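Now for the letters of each chain:
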Amino acid sequence: MQGLTIKDKAQIALMRKSGQIVEEVLHLMERMAAPGISTLALDEAAHNFIRERGAEPSFLNYRGYPASICTSINEEVVHGIPSARTLIDGDILSVDVGACLDGWHSDAARTFLIGNVSAEVERLVRVTKECFYKGLQYAYEGFRVGDISFAIQEHAEVNGYGVVRELVGHGIGRSMHEQPDVPNFGTKGHGLRLIAGMTIAIEPMINMGSAAVSVLSDGWTVIASDRKPSAHYENTIAITKGAPLLLTKSPDAVSRGGGS
Ligand code: MF3
Ligand code: CO
């Protein structure tokens, strides 16, 4: 795997450009994902969108992966392969998207609620997103990878969920996977020290039940071994001298008038 690389501001700006495409694809996927649509239709739309923007889908042909996005339904954790399967009311769908523009990769994932999802599954999806933000609180110079990892693990486990161990976040840049690994479990104060110019994908994969996973016979699809639902939330970020930059997500709109 590519080692650790430090990016300058201009390089981070280029990564934001590929990240902008990933962000827009995820918004398109959110609008399209509804009961009755096939995951192959989502893949086609994502593929076309990425190509129209002058980028390449990072995942297509990566180690032989046969599609442009990953679509993982319910107990599927990650790396679900788009197919003729159609979404149904009550499903959750994780969509993972990577794009490469002018040689720079970005990678992000969201889990969408399809129609009416049970309150307990909705909570899993919400807590998984919160896990990302818990980790992000430590994505500052001076902290270590283990601080991010620990924060994610703690939030998942206090909520009674299992943290997937077999797959981890990662450095990213001219390669989709670079050093360092960014596990979703770990020990405060341990691991690589973070410095400005590191770009990493933080991507909690959280199971409603046990943390154990298996791989289906297609060689790709990772499922929760107990077949309970699993959620995924990921952004590519840059460590800076100040607050981390989200490269695959625009800053949230600040609500006006009252509130904290
Ligand atoms: N987004 C995944 C990751 O972060 C990459 C998908 S693997 C692929 O590791 F083979 F599907 F491309
Ligand atoms: Co990733």
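Note that this is a predicted model, so its numbers are computed, not measured.

Definitions and cut-offs
- Numbering of residues starts from 1 in every chain and runs along the sequence as written.
- To label them, take the chains in the order written and letter them from A, then take the ligands in the order written and number them from 1.
- Given that this is a predicted model, residues contribute local features only at a pLDDT of at least 70 and side-chain atom pairs are listed and counted only at 80 or more, while totals for whole chains, interfaces and linings are drawn from all residues.
- Side-chain numbers come from the whole structure's heavy atoms, not from hydrogens or water.
- Water is not part of the atom set, so a site may look incomplete; the donors themselves are N, O and S atoms within 2.8 Å of the metal, or 3.2 Å for Na, K and Ca.
- Numbering of helices and strands runs from the N terminus, with a helix taken as a DSSP run of H or I at least four residues long and a strand as a DSSP run of E at least two residues long.
- Exposure is judged per residue with a 1.4 Å probe applied to protein chains only, and the accessible area is read against the type maximum: over 50% gives exposed, under 20% gives buried, and values in between give partly exposed.
- The pocket and cavity definitions rest on a 1 Å grid over protein atoms only: a 1.4 Å probe that fits but cannot leave marks a cavity, an open set with protein on both sides within 12 Å along at least five of seven lines marks a pocket, and residues lining either have an atom within 4 Å of a point.
- Grid points are joined across faces, edges and corners, and a volume is the space filled by probe spheres set on the points.
- Side-chain classes follow a simple rule in which Ala, Val, Leu, Ile, Met, Phe, Trp, Tyr, Cys and Pro form the nonpolar group, Asp, Glu, Lys and Arg form the charged group, and the remainder, Gly included, forms the polar group.
- Under this scheme, a helix contributes an axis fitted over its contacting stretch, all axes are lines through C-alpha atoms, and angles between N-to-C directions fall in the 0 to 180 degree range.
- Under this scheme an angle from 65 to 115 degrees is roughly perpendicular, one under 35 degrees roughly parallel, and one over 145 degrees roughly antiparallel; angles in between are oblique.
- Two helices that cross are described as forming a left-handed crossing if the nearer one is turned anticlockwise from the farther one by less than a right angle, and a right-handed crossing if clockwise.
- Residue contacts are defined here by distance: any two heavy atoms, one from each residue, within 4.5 Å place the two residues in contact.
- Helix span, expected: 1.5 Å multiplied by one less than the number of residues in the helix.
- Whether a residue is near a molecule or strand depends on its heavy atoms: if one lies within 4 Å, it is near.
- By the criterion applied in these results, polar contacts are pairs of N or O atoms within 3.5 Å in which, for protein atoms, one can donate a hydrogen and the other can accept it, and in which residues neighboring in sequence qualify only through two side-chain atoms.
- Computed by Shrake-Rupley with a 1.4 Å probe, the accessible areas treat only the displayed protein chains as cover when residues are assessed.
- In this scheme, a molecule is assigned to a cavity or pocket if more than half of its atoms are within 2 Å of the grid points.

A.B. asks: Teacher, can you tell me more about the coordination of the cobalt ion (ligand 2) here?
C.D. replies: Six octahedral donors around a metal ideally subtend angles of 90 or 180 degrees, whereas four tetrahedral donors ideally subtend 109.5 degrees. Every protein donor of the cobalt ion (ligand 2) is listed here as Asp-107 (OD), His-170 (NE2), Glu-203 (OE) and Glu-234 (OE), and their distances to the metal cover 2.1 to 2.3 Å. Spacing between the donor residues of the cobalt ion (ligand 2) along their common chain follows D-x62-H-x32-E-x30-E. Here Asp-107 is found in strand 5 (residues 104-113), whereas its partner His-170 is found in strand 7 (residues 169-171), with 63 residues between them in sequence. Pair check on accessibility: Asp-107 and His-170 agree, each one buried.

A.B. asks: What is the right way to read the layout of surface pockets from this model?
C.D. replies: Any space left empty among the atoms is revealed by the rolling of a water-sized probe across them. Within this model, the largest pocket holds a volume of roughly 490 Å³. Along the wall of the largest pocket there are 22 residues; nearest its centre are Tyr-62, His-79, Leu-167, His-170 and His-177. By residue class, the composition of the lining of the largest pocket is 11 nonpolar, five polar and six charged. What the second largest pocket holds in volume is close to 330 Å³. Forming the boundary of the second largest pocket are 18 residues, of which Glu-30, Arg-110, Phe-112, Lys-129 and Tyr-233 lie nearest the centre. Among the elements of the structure, helix 1 (9-32), strand 5, helix 3 (119-136) and strand 13 (230-232) are those that each provide at least two residues to the lining of the second largest pocket.

A.B. asks: Explanation requested: the packing of helix 3 against helix 4 (residues 145-158) in the structure shown.
C.D. replies: Two measures define how a pair of helices packs: the angle their axes make with one another and the distance between the axes. In the contact formed by helix 3 and helix 4, the axes pass within 8 Å of each other and the chain directions differ by 150°. The orientation of helix 3 with respect to helix 4, classified from their angle, is roughly antiparallel. Of the two possible hands of crossing, helix 3 and helix 4 adopt the one that is right-handed. The segment helix 3 lies against helix 4, with Val-127, Glu-130, Cys-131, Lys-134 and Gly-135 engaging Ile-148, Ala-151, Ile-152, His-155 and Ala-156. Classifying every residue of the contact of helix 3 with helix 4 by side-chain character gives six nonpolar, two polar and two charged.

A.B. asks: Teacher, can you tell me more about helix 4 here?
C.D. replies: An α-helical turn contains 3.6 residues, so any two residues separated by three or four positions project in the same direction. Along its 14 residues, helix 4 runs 20 Å from first to last C-alpha, staying within 8% of the 20 Å computed at 1.5 Å per residue. In terms of burial, helix 4 is a largely internal element, 10 of the 14 residues being buried. The complete set of buried residues in helix 4 reads Val-145, Gly-146, Asp-147, Ile-148, Ser-149, Ala-151, Ile-152, Gln-153, His-155 and Ala-156. On the buried face of helix 4, the contacting elements are helix 3, strand 6 (162-163), strand 8 (178-182), strand 9 (199-202) and strand 10 (205-207).

A.B. asks: Teacher, can you tell me more about the site of ligand 1 here?
C.D. replies: Near ligand 1, the surroundings consist of 13 residues, among which Asp-96, Asp-107, His-170, His-177 and Glu-203 are the closest. A distance of 2.8 Å separates an oxygen atom of ligand 1 from a polar side-chain atom of Asp-107. Within the side chain of His-177, an N or O atom sits 2.7 Å from an oxygen atom of ligand 1. Calculation on ligand 1 without its partners gives an accessible area of 330 Å², and the protein chains cover 94% of this total. When atoms are counted within 2 Å of each cavity's grid points, the one that captures over half of ligand 1 is the largest pocket.

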